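Summary of structural features
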Amino acid sequence: MFPSFHNADKPTHRRVMAVGLLLCLVFVVISFSLRPQAESGQALLKADRLVRTAGEPHKAN
C-alpha cells in the first residue's frame, strides 16, 4: 500500500491546510486589488434614475 497524505499526522495535515487556505486568501486579495475599478460612477446610473423618477406617474405611450 502506498502512503498518502491522509495517513499524515494531524499537525502536518493542519499546517498544510492552513498554508493552502492562506495562499487562497492571498490570491483572492490580489485578484480584487488588481481588478479595474469603476471611477466614472456608471454603475449607479440606473439607481439614480430610479430615485429621481420615484413617485412620478408613468408615461403613457
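Scroll up to find the structure.
This report concerns the structure included in the present document. Computed from a prediction, not measured in an experiment: that's the story for all the values here.

How each quantity is defined
- Residues numbered from 1 in each chain as written.
- Predicted model: local features only at pLDDT ≥ 70, side-chain atom pairs only at ≥ 80, totals over all residues.
- Heavy atoms only, no water.
- Helix = DSSP H or I, 4+ residues; strand = E, 2+ residues; numbered from the N terminus.
- Buried < 20%, exposed > 50% of the residue type's maximum accessible area, 1.4 Å probe, protein only.
- Areas by Shrake-Rupley, 256 points an atom, 1.4 Å probe, with all protein chains shown as cover.
- Patch = residues over 30% accessible without salt bridge, like charges linked within 9 Å, V, L, I, M, F, W, Y side chains within 5 Å.
- Salt bridge = Lys/Arg side-chain N within 4 Å of Asp/Glu carboxyl O.

**Regarding the overall build of the protein chain**
Looking only at helices and strands, one finds two helices and zero strands in the protein chain. In the protein chain, which comprises 61 residues, the share counted as buried stands at 0%. Working note: accessible area of the protein chain is about 6500 Å², and carbon and sulfur atoms make up 66% of it.

**A short note on a nonpolar patch on the surface**
Side chains of Leu22, Leu25, Val26, Val29, Ile30 and Leu34 sit close together on the surface and give an oily, nonpolar patch of about 590 Å² of accessible area. For Leu22, the location among the structural elements is in helix H1 (residues 10–34).

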